[in-house]
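# Residue-level structure breakdown
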Amino acid sequence: MSELGVDLWGAAFQAISFLCLMAIPWTDGRIRIGAIIVAALGILSILGFQLYVGVEKQDYGLAADLVTLTLANVVMYFSVSWIVEKLFRLFLLKRKKQQTPPSS
């Protein structure tokens, strides 16, 4: 496989993992469980690969930086998605409350 193909598949895998992470606050039931599983496995494999890169290059500072950056991204993506979902829910509830009931 060409270098471009490996980079493309790696980027797609990371995108799917982070999209599932951001979908967790927006979903419910079995879909939420599936999103949690896919996101957790994806993030763990990304972290494992980053640790492997650092160990392979014998640069443990690089591994620590990569892992720290990824964990910061996980926290940021999840918290922003959660906050936006809560604001959107409050907006819809306020909008529903302000509607007048239909006259008969």
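Structural data are supplied above this passage.
Remember, predicted model here, so these are calculated numbers, not experimental data. (Residues numbered from 1 in each chain as written. Predicted model: local features only at pLDDT ≥ 70, side-chain atom pairs only at ≥ 80, totals over all residues. Heavy atoms only, no water.)

### So, the layout of surface pockets
Roughly 270 Å³ of internal volume is contained in the largest pocket. If you trace the largest pocket, you find it lined by Val6, Asp7, Gly10, Ala11, Phe13, Gln14, Ser45, Ile46, Phe49 and Gln50. No other element matches the six residues that helix H1 (residues 3-23) contributes to the lining of the largest pocket. For the lining of the largest pocket, the residue count by class is five nonpolar, four polar and one charged. (1 Å grid on protein atoms, 1.4 Å probe; cavity = no way out; pocket = protein on both sides within 12 Å on 5 of 7 lines; lining within 4 Å. Points joined across faces, edges and corners; volume = space filled by probe spheres on them. Helix = DSSP H or I, 4+ residues; strand = E, 2+ residues; numbered from the N terminus. Nonpolar A, V, L, I, M, F, W, Y, C, P; charged D, E, K, R; others polar.)

### Some points on a nonpolar patch on the surface
On the surface, Trp26, Met76, Tyr77, Val80, Val84, Phe88, Phe91 and Leu92 cluster together to form a nonpolar patch covering roughly 750 Å² of accessible area. By relative accessible area, which is 41% here, Phe88 ends up partly exposed. (Patch = residues over 30% accessible without salt bridge, like charges linked within 9 Å, V, L, I, M, F, W, Y side chains within 5 Å. Areas by Shrake-Rupley, 256 points an atom, 1.4 Å probe, with all protein chains shown as cover. Salt bridge = Lys/Arg side-chain N within 4 Å of Asp/Glu carboxyl O. Buried < 20%, exposed > 50% of the residue type's maximum accessible area, 1.4 Å probe, protein only.)

### Let's talk about the packing of aromatic side chains
Counted by the stated rule, this structure contains two aromatic pairs. The interplanar angle of 55 degrees and the centroid separation of 5.0 Å between the aromatic rings of Phe18 and Tyr77 together place this pair among those described as tilted. Here Tyr77 lies in helix H3 (residues 60-98) and Phe18 lies in helix H1, a separation of 59 residues in the sequence. Look at Phe18 and you get buried, because its relative accessible area is 8%. The interplanar angle of 45 degrees and the centroid separation of 6.0 Å between the aromatic rings of Trp26 and Phe88 together place this pair among those described as tilted. Within this pair, whereas Trp26 is found in the loop between H1 and helix H2 (30-56), its partner Phe88 is found in helix H3, the two being separated by 62 residues in sequence. (Phe/Tyr/Trp six-rings, centres within 6.5 Å; stacked < 30°, edge-to-face > 60°.)

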